[in-house]
Every structure is written in C-alpha cells, then in structure tokens.
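Residue strings, one per chain:
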Amino acid sequence: MEYWIPAVLMAVIYSAIGRLVAHYPETLSGYNTMSSERKKYVDIEAAGRYAARFLTAAGYISLAGALAAIPGIPENWSHRIFGASVVIPIILLLFAAGWTSWKYDRKFLKQFKK
C-alpha cells in the first residue's frame, strides 16, 4: 500500500509544470517553433493560463489518488481510486491540449470556417 508516493510525486510535478506554464507561457509545446507570422495569431498569455489550470487540476486529482492509501479504506476501493487518479489526469491533459489550440489560435479556427 505504498503507492501513495508516486501519486504525490505526480501531483507535485503536475502542479510545478502548471506554475511554470502560468509564469512562462512561451514554454508551451510548439510555440517556440512557430514562425513569427503564425505567433501573431496565438494569444499565448491566455493559452498559458488555460493550460496551467488544467495542469493544476491534474495535480489535485493525483493528490486524491494519494489520499486513497489512508488506512480504513477497503483495498479494492483504494486501488480503483488510485487507478482513476492516474488515468483521469492523462485524459484531462489530452483534452486541454486540443482545446487550447482550438480556443486560442485564431488561424487554427479559420481553417474550419471555410
């Protein structure tokens, strides 16, 4: 029942990356490789805040997985909670990556409005 250690570690990593993205949004994947004309279409400050919220939420969900190791919780339930706390942040971050591109890149939206 020592699986709370990786859950706490993942919560710290997600939260730290969320803080990094909130303060330095240009660290988002793909932004540095964009051409300067493409960067004009991206609201990087808003995208950074949005991605930071999702990363912080993923950290809290991982922390809930660590709390599942509290004595007194039946072992089958604690395994289910821990499993959900591993899978849900991954799904959440995949959703955030797609939605951030969709919401804050004006040129990306124009290709679908034709």
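Throughout this description, residue numbers start from 1 for each chain and increase along the sequence as written. Under the rules for a predicted model, residues below a pLDDT of 70 receive no local features and side-chain atom pairs below 80 are neither given nor counted, while totals for whole chains, interfaces and linings still include all residues. Computation of side-chain values: all heavy atoms of the structure, hydrogens and water removed.

**Some words on the nonpolar core**
Among the buried residues, those of types Ala, Val, Leu, Ile, Met, Phe, Trp, Tyr and Cys that are joined through side-chain atoms within 4.5 Å form a nonpolar core. The classification of residues rests on relative accessible area computed with a 1.4 Å probe and restricted to protein chains. Under 20% of the type maximum is buried, over 50% is exposed, and intermediate values are partly exposed. Grouped together as the largest cluster of nonpolar side chains are 16 residues, with contacts concentrated most on Val-21, Leu-28, Phe-54 and Tyr-104. Numbered from the N terminus, helices here are DSSP runs of H or I no shorter than four residues, and strands are runs of E no shorter than two. Elements that contribute at least two residues to this core include exactly helix 1 (4–23), helix 3 (44–67) and helix 4 (75–104). At eight residues, helix 3 tops the list of elements feeding residues into this core. Among all residues touching Leu-28, those that are not within four sequence positions of it are Val-21, Ile-44, Ala-47, Gly-48 and Ala-51. Core analysis: the second largest hydrophobic core is formed by five residues, Tyr-3, Ala-7, Ala-66 and Phe-82 among them. Every residue pair with non-hydrogen atoms within 4.5 Å of one another is taken to be in contact.

**Remarks on helix 4**
Because an α-helix completes one turn every 3.6 residues, residues spaced three or four positions apart along the sequence face the same direction. Take the residue count of a helix, subtract one, and multiply by 1.5 Å to get its expected span. Its 30 residues give helix 4 an end-to-end C-alpha distance of 43 Å, which sits within 8% of 44 Å, the value for a rise of 1.5 Å per residue. Those residues of helix 4 not exposed but buried are Ser-78, Phe-82, Ser-85, Pro-89, Leu-92, Ala-96, Thr-100 and Tyr-104.

**Describing a nonpolar patch on the surface**
In this analysis, a patch consists of residues with relative accessible area above 30% that form no salt bridge, clustered at 9 Å for like charges and at 5 Å for the nonpolar side chains Val, Leu, Ile, Met, Phe, Trp and Tyr. Computed by Shrake-Rupley with a 1.4 Å probe, the accessible areas treat only the displayed protein chains as cover when residues are assessed. Think of a salt bridge as a Lys or Arg side-chain nitrogen and an Asp or Glu carboxyl oxygen that are within 4 Å of each other. Taken together, the side chains of Val-86, Val-87, Ile-90, Ile-91 and Leu-94 make up a nonpolar region of the molecular surface, amounting to roughly 460 Å² of accessible area. Along the chain, the position of Val-87 falls in helix 4.

**Remarks on the packing of helix 1 against helix 3**
Each packed pair of helices is defined by two parameters, the angle between the axes and the distance between the axes. For every element, the axis is a line fit to its C-alpha atoms; helices are fit only across the contacting stretch, and the angle between N-to-C directions ranges from 0 to 180 degrees. Where helix 1 meets helix 3, the closest approach of the two axes is 8 Å, and the angle between their N-to-C directions is 165°. As summarised for this structure, helix 1 and helix 3 are arranged roughly antiparallel, according to the angle between their axes. With respect to the hand of their crossing, helix 1 and helix 3 are arranged in left-handed fashion. Residues Trp-4, Ala-7, Val-8, Met-10, Ala-11, Tyr-14, Ser-15, Ile-17, Gly-18, Val-21 and Ala-22 of helix 1 form the contact with helix 3, whose participating residues are Gly-48, Ala-51, Ala-52, Leu-55, Ala-58, Gly-59, Ser-62, Leu-63, Gly-65 and Ala-66. Asp, Glu, Lys and Arg are counted as charged, while Ala, Val, Leu, Ile, Met, Phe, Trp, Tyr, Cys and Pro are counted as nonpolar; the rest, among them Gly, fall into the polar class. Across the contact of helix 1 with helix 3, the residue classes break down as 15 nonpolar, six polar and no charged. Orientation categories follow fixed angle ranges, with anything under 35 degrees roughly parallel, anything over 145 roughly antiparallel, 65 to 115 roughly perpendicular, and all other angles oblique. Handedness of a crossing follows from how the near helix is turned relative to the far one, being left-handed for an anticlockwise turn of less than a right angle and right-handed for a clockwise one.

**Comments concerning helix 1**
Relative to the 28 Å expected for 20 residues at 1.5 Å per residue, helix 1 spans 29 Å between its end C-alpha atoms, a close match to the ideal helical length. Packing partners of the buried residues in helix 1 comprise helix 3 and helix 4.

**With respect to the packing of aromatic side chains**
Each aromatic ring pair is characterised by the separation of its centres together with the angle its planes make. Each Phe, Tyr or Trp ring, with Trp reduced to its six-membered ring, pairs with another whose centre is within 6.5 Å; inter-plane angles below 30 degrees give stacked pairs, above 60 give edge-to-face pairs, and intermediate values give tilted ones. Taken as a whole and assessed by the stated rule, the structure comprises two aromatic pairs. Their ring planes at 65° and their centres at 5.1 Å tell us that Tyr-50 and Phe-54 sit as a pair that is edge-to-face. Of the two residues, Tyr-50 and Phe-54 are both situated in helix 3; the distance of four residues between them amounts to about one turn of the helix.

**What to know about the environment of Phe-95**
Mapped onto the secondary structure, Phe-95 falls in helix 4. When its relative accessible area of 47% is taken as the criterion, Phe-95 is described as partly exposed.

**Remarks on the confidence of the model for the protein chain**
Confidence in the prediction of the protein chain, expressed as mean pLDDT, is 83, and 93% of residues score 70 or more. pLDDT expresses, on a scale from 0 to 100, how confident the predictor is about each individual residue. When the elements of the protein chain are averaged for pLDDT, helix 5 (residues 106–110) gives the smallest value, 68, and helix 1 the largest, 89.

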